[in-house]
Amino acid sequence: MLKFEGLDLFSAAVSASASPSGEIGRHSRFKICRLKKVVPVRFRPRAPPFDMSLQKRIPPLALQMSLIGLVLGFGIAKAETIAFTCVRSNGAYSEEYELKIVSANPKNPKDKAKVFLDGRDLDQHDAQGYQEIKNVQITKSAVSFMTDTFFEPEILDGVKYASGTVVAITSIQRDTGQLKKVETVTGGILAKTLGEGTKVYTEQCQAVLNPAP
């Protein structure tokens, strides 16, 4: 009887499993349905923590370019110094002098280009007038600048002279060292001694290697 009852229970369980209305059948259908709806997920390895932190540490491209430009600007932007040894001749008279041109410092908007003659700053101001250097240009082929000079009225040896101006444009070719000066004198004592009008002078210069700033 025990075996029969066991077989009977087994057959009942099988019939219940096969029958859609049986308790075991309902659970079987639920499980099968769940298995059919499961979508296999492939294994995707996570990025190593090092890569993630590296990505966070890399700045955007625009920021990188700004930083590079800033570094290059501090490394390159500086005042340029060019010097020449020149010879001025007038008949039997000759004179050698050093002419130094220092460009304005790009880092300082208020800085001004300077020109020195034998170490003396050509920008001068006093009670008798002023002399000012303007329009300093430095290129690979030439260097040029303008000298603007003004003389107050003066009395010399009992002779009264009116105010006067001297405007000179000096250019030097860097490959040949030829200096050209176009000078215009208007009024003043220099108009009496040198003559009023425009004159052109030429001199020969030689570049100084590695001049001191």
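Since the model is a prediction, treat every value here as computed from it, not as a measurement. Every chain is numbered on its own, with residues counted from 1 as its sequence reads. Per-residue local features of the predicted model are confined to residues with pLDDT of at least 70, and side-chain atom pairs are confined, for both listing and counting, to 80 or more; whole-chain, interface and lining totals are unaffected and use all residues. Based on all heavy atoms of the structure, the side-chain values leave hydrogens and waters out of the count.

Peer 1: Help me understand the packing of aromatic side chains, please; the structure alone is not making it clear to me.
Peer 2: Ring pairs are drawn from Phe, Tyr and Trp, using the six-membered ring of Trp, whenever the two centres fall within 6.5 Å, and their geometry is named by plane angle: stacked under 30 degrees, edge-to-face over 60, tilted for the rest. Summed over all chains, the structure comprises one aromatic pair. Between Tyr130 and Phe150, the aromatic rings sit 5.6 Å apart at their centres with planes inclined by 25°, giving stacked as the arrangement. One end of the pair, Tyr130, is in strand β6 (residues 129–138); the other, Phe150, is in strand β7 (residues 142–151), with 20 residues separating them in the sequence. Each helix is a run of DSSP H or I of at least 4 residues and each strand a run of E of at least 2, with the numbering of both proceeding from the N terminus.

Peer 1: Can you help me understand unusual backbone geometry in this one?
Peer 2: Most peptide bonds take the trans form, and the phi angle of most residues other than glycine is negative. Located in the positive-phi region is Asn135, a residue other than glycine, with phi close to 50°. By secondary structure assignment, the location of Asn135 is in strand β6. In this structure, Asn210 takes a positive phi of about 50° despite not being glycine. By the secondary structure assignment, Asn210 is in the segment after β12 (197–207).

Peer 1: Would you mind showing me how to read the sheet that holds strand β1 (residues 81–90) here?
Peer 2: Two strands in a sheet stick together by hydrogen bonds in their backbones, pointing the same way (parallel) or opposite ways (antiparallel). Note: two strands are recorded as paired if DSSP finds a minimum of 2 bridges between them. The 10 strands lie next to each other as β4-β3-β2-β1-β12-β11-β10-β7-β6-β5, forming an open sheet whose pairing is antiparallel. The open sheet has two edge strands, β4 (120–121) and β5 (124–126), and neither has a second partner. In this sheet, β12 lies alongside β1 in antiparallel orientation, the contact comprising four bridges. Across the sheet, residue Thr85 finds its bridge partner in β12, namely Gln206.

Peer 1: Any chance you could explain the nonpolar core here in plain terms?
Peer 2: It is characteristic of soluble globular proteins that their nonpolar side chains tend to be buried jointly. Core analysis: the largest hydrophobic core is formed by 16 residues, its most contacted members being Phe84, Leu99, Ile101 and Val115. Elements that contribute at least two residues to this core include exactly β1, β2 (93–102), β6 and β7. By definition, residues are in contact when any of their heavy atoms lie within 4.5 Å. Sequence-distant contacts of Ile101, that is, excluding residues within four places in its chain, are made with Glu80, Thr81, Ile82, Phe84, Lys114, Val115, Val136, Ile138, Val143 and Phe145. To form a nonpolar core, buried Ala, Val, Leu, Ile, Met, Phe, Trp, Tyr and Cys residues must be joined to one another through side-chain atoms within 4.5 Å. Exposure classes here rest on a 1.4 Å probe applied to the protein chains alone. A residue is buried below 20% of its type maximum, exposed above 50%, and partly exposed in between.

Peer 1: I would appreciate a short explanation of the state of the cysteines in the present structure.
Peer 2: Formally, a disulfide is one covalent bond, and it connects the sulfur atom of one cysteine to the sulfur atom of another. The rule for a disulfide is simple: a pair of cysteine sulfur atoms within 2.5 Å. All told, the structure shown has one disulfide when counted by the stated rule. In this model, Cys86 is linked to Cys205 through a disulfide, with the two sulfur atoms separated by 2.1 Å. On the S-S bond that ties Cys86 to Cys205, the torsion sits near 110°, and the link is right-handed. Residue Cys86 is located in strand β1, and its partner Cys205 is located in strand β12; the two are separated by 119 residues in the primary sequence. Each of the two residues, Cys86 as well as Cys205, counts as buried.

Peer 1: Any chance you could explain the pattern of salt bridges here in plain terms?
Peer 2: Close approach of charged atoms allows side chains of opposite charge to pair. Each salt bridge in this description consists of a side-chain nitrogen of Lys or Arg and a carboxyl oxygen of Asp or Glu lying within 4 Å of one another. In total, this model carries six salt bridges according to the counting rule given. A salt bridge links Lys112 to Asp123; the nearest nitrogen and oxygen atoms lie 3.1 Å apart. Taken together, the residues Lys112 in the loop between β2 and β3 (114–117) and Asp123 in the loop between β4 and β5 connect sequence positions 11 residues apart. In this structure Lys112 comes out as partly exposed when scored by relative accessible area, which is 32%. Given the relative accessible area of 13%, Asp123 is considered buried. Among the salt bridges present, the one from Lys114 reaches Asp121, with a minimum N-O distance of 3.0 Å. One continuous salt-bridge network, built from bridges that share partners, spans Lys112, Lys114, Asp121 and Asp123.

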